Structures are given as C-alpha cells and as structure tokens.
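Observations on chain architecture
Listed here are the chains, written in short residue letters.
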Amino acid sequence: MPKTIAFVLFDGAEELDFAGPYEVFGIVATTQPDQCRVFTVSENGGQVRCANGLRVVVDHSFADAPVADIIIIPGGQGTRTEMDNPAMLDYLRKASETADYTTSVCTGALVLANAGLLEGKKATTWWGMRQQLGNLGEIEVVEDTRFVDQSPIITAAGVSAGIDMALYLAGKLWGPERARLIQKYIEYFPDPPYADVPIPEPAQVG
C-alpha cells in the first residue's frame, strides 16, 4: 500500500513551507505511485489563499479526507488563527491517532502545540516564534537545528527547513539512497549568495 501524505492547508499558509516538502514527496508519488500518494486538505476544501497570495484548490475537506499515514502542517501568518481553531485542532488530534508521523514546518508547530501533540517533547519552529512555542506547554524548544525528530512527531524550523525534514523522512520511509536521489533530482544543495554579508537585524528585513 502506498504511503498517504496529507498537506494540511489554510488561509495564510506560507507557500514554501508546504511546496518544498510537496516537491519531495510528489516526485515519489509521480514516479512510483504504488509507494506514495499525496493530497491537500483544509477545513472546508475548496480554495485557500496563502501568505504571499498563491491560491491553491484543495483536494479534500476535513470531513472527506482519506486516512493519512503522514501529516504535514505548514506555518505562516494563518497559524495565528488556526492555533485556536477547534476544527483544525480536532482534525490534527484525530488524524494523528492513526498516522505514522505528524509533522510541522515553521509556525505549524504552534498549531501542533495547541492540539496537545508536543506536550513533553522537544520541538523547534521558526526562530522568531521559539519563545512563544515554549509558552504553549511543557515543550523543550530546540534552537540551531533544522528539524527535531520525536517520533511520531517531527518539527522543522522555518520555511526552507521543511525540505530538510521531508528528505529526512523520505530516508526513513524508503532509505537514505532514495532520499539522496530525490535531493539530486531537485538540486537541493544550498549555496546561497551573499553568505559573506552580515545578516541584518530582524527589524531591517523586508
């Protein structure tokens, strides 16, 4: 049976948070559909408008979504609403009961925390919200890491860290060699420009 992977979307979701991992698992789903199937899900289905304006037509609503082996919830400004959305929290709690892994990228960790899924665990999130994450329960917030594996919960840091987490998870599911092949296929070998330029203070960004 293929592994089913649910990307949980909502208005204000950060695009790369889910598009990066979707690319990783989508390659497997496209080339070997007997091993992986991906789908998107939101509270009501239909269309969601993401943080930077991208509009996505979602495959399923919470009510009709298939059972997922892996759950991935992104971050973004929309998490400030979703972390107090009873329908979202209820879906995550119930879906995680049967999932092999429940994962978050960026501030998606705040939603998992409010669903009670990070209690007593180590976790990470986007650097600007680590303190808030630590205030949401008995959670040991880990800094300076791309992702934290507390199986069956895995949390990733901000935005692009979701790709690292997805490759790691692909390695756990199908082996490190397969993960490295996916990495090569998407040419994910970060070598950013301006690495020798000092990083500005956060207030100067944007």
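Please refer to the structure higher up on the page.
This report concerns the structure included in the present document. Bear in mind the structure is a predicted one, so any value in this text is a computation, not a measurement. Residues take numbers from 1 onward in each chain, read along the sequence in its written order. A pLDDT threshold of at least 70 governs which residues receive local features in this predicted model, and a stricter bar of 80 or more applies before side-chain atom pairs are shown or counted, although totals over entire chains, interfaces and linings include all residues. In computing side-chain values, all of the structure's heavy atoms are included and hydrogens and water are not.

1. Details of helix 3 (residues 86-98)
Convention followed: Helical segments are the DSSP runs of H or I of at least four residues, strand segments are the runs of E of at least two, and each set is numbered from the N terminus. A helix is expected to span 1.5 Å multiplied by its residue count minus one. With a 1.4 Å probe rolled over the protein chains alone, any residue whose accessible area is under 20% of its type maximum counts as buried; one over 50% counts as exposed, and the rest are partly exposed. This arc is built from the directions going out from the helix axis to the C-beta atoms.
Taking 1.5 Å as the rise per residue, helix 3 with 13 residues should run 18 Å; its terminal C-alpha atoms sit 19 Å apart, in good agreement. Turning to helix 3, its buried residues number three or more, namely Met88, Leu89, Tyr91, Leu92, Ala95 and Ser96. The buried residues of helix 3 all sit within an arc of 160 degrees when viewed along its axis, so they share a single face. Opposite the packed face of helix 3, turned more than 90 degrees from it, sit the exposed residues Pro86, Lys94, Glu97 and Thr98.

2. Some points on the nonpolar core
Operational definition: We call a set of buried residues a nonpolar core when its members are Ala, Val, Leu, Ile, Met, Phe, Trp, Tyr or Cys and they connect through side-chain atoms within 4.5 Å of each other.
The biggest cluster of nonpolar side chains holds 65 residues, and the ones touching the most others in it are Val8, Phe25, Tyr91, Leu92 and Leu118. At eight residues, the largest contribution of residues to this core is made by helix 6 (residues 161-174).

3. A look at the sheet that holds strand 1 (residues 3-8)
As a reminder of what qualifies: DSSP-based pairing: two strands are paired if at least 2 bridges between them are found.
Taken in spatial order, the seven strands line up as 5-2-1-6-7-11-10 in an open sheet, and their pairing is mixed. Two strands close off the open sheet at either side, each with one partner strand: strand 5 (60-61) and strand 10 (147-150). As defined by bridge partners, strand 7 (residues 101-105) adjoins strand 11 (residues 153-156) across four bridges and the pair is classed as parallel. Within the sheet, the bridge partner assigned to Ser104 lies in strand 11 and is Thr155.

4. A few points about the pairing of strand 4 (residues 55-58)
Residues in a regular strand project their side chains so that they alternate between the two faces of the sheet. Judged by which residues are buried, strand 4 turns out to be one-sided: Val56 and Val58 face inward and are buried, whereas Arg55 and Val57, on the alternate face, are not. The pairing of strand 3 (residues 46-49) with strand 4 spans four bridges and is antiparallel. Looking at strand 4, one finds that Gln47 is bridged to Val57. Counted between consecutive antiparallel strands, the loop separating strand 3 from strand 4 contains five residues, among which Gly53 sits at a positive phi close to 100 degrees.

5. Brief notes about the packing of helix 6 against helix 7 (residues 176-185)
To characterise two packed helices, one gives the angle between the axes of the helices and the distance between these axes. To keep it simple, the criterion reads: Interaxial angle, 0 to 180 degrees, is taken between N-to-C directions of lines fitted to C-alpha atoms, where a helix line uses only the stretch in contact. Under this scheme an angle from 65 to 115 degrees is roughly perpendicular, one under 35 degrees roughly parallel, and one over 145 degrees roughly antiparallel; angles in between are oblique. Two helices crossing with the near one rotated counterclockwise from the far one by less than a right angle form a left-handed crossing, whereas a clockwise rotation gives a right-handed crossing. Should any heavy atoms of two residues lie within 4.5 Å, those residues are counted as being in contact. Gly is put with the polar residues, along with every residue not named as nonpolar or charged; the nonpolar set is Ala, Val, Leu, Ile, Met, Phe, Trp, Tyr, Cys and Pro, and the charged set is Asp, Glu, Lys and Arg.
It is at 7 Å that the axes of helix 6 and helix 7 come closest, and there the two elements cross at 140 degrees. By the criterion of interaxial angle, the relationship of helix 6 to helix 7 is oblique. Of the two possible hands of crossing, helix 6 and helix 7 adopt the one that is right-handed. Across the interface between the two elements, Leu167, Ala170, Gly171 and Trp174 from helix 6 touch Pro176, Arg178, Ala179, Ile182 and Gln183 from helix 7. Of the residues assigned to the contact of helix 6 with helix 7, the class counts are six nonpolar, two polar and one charged.

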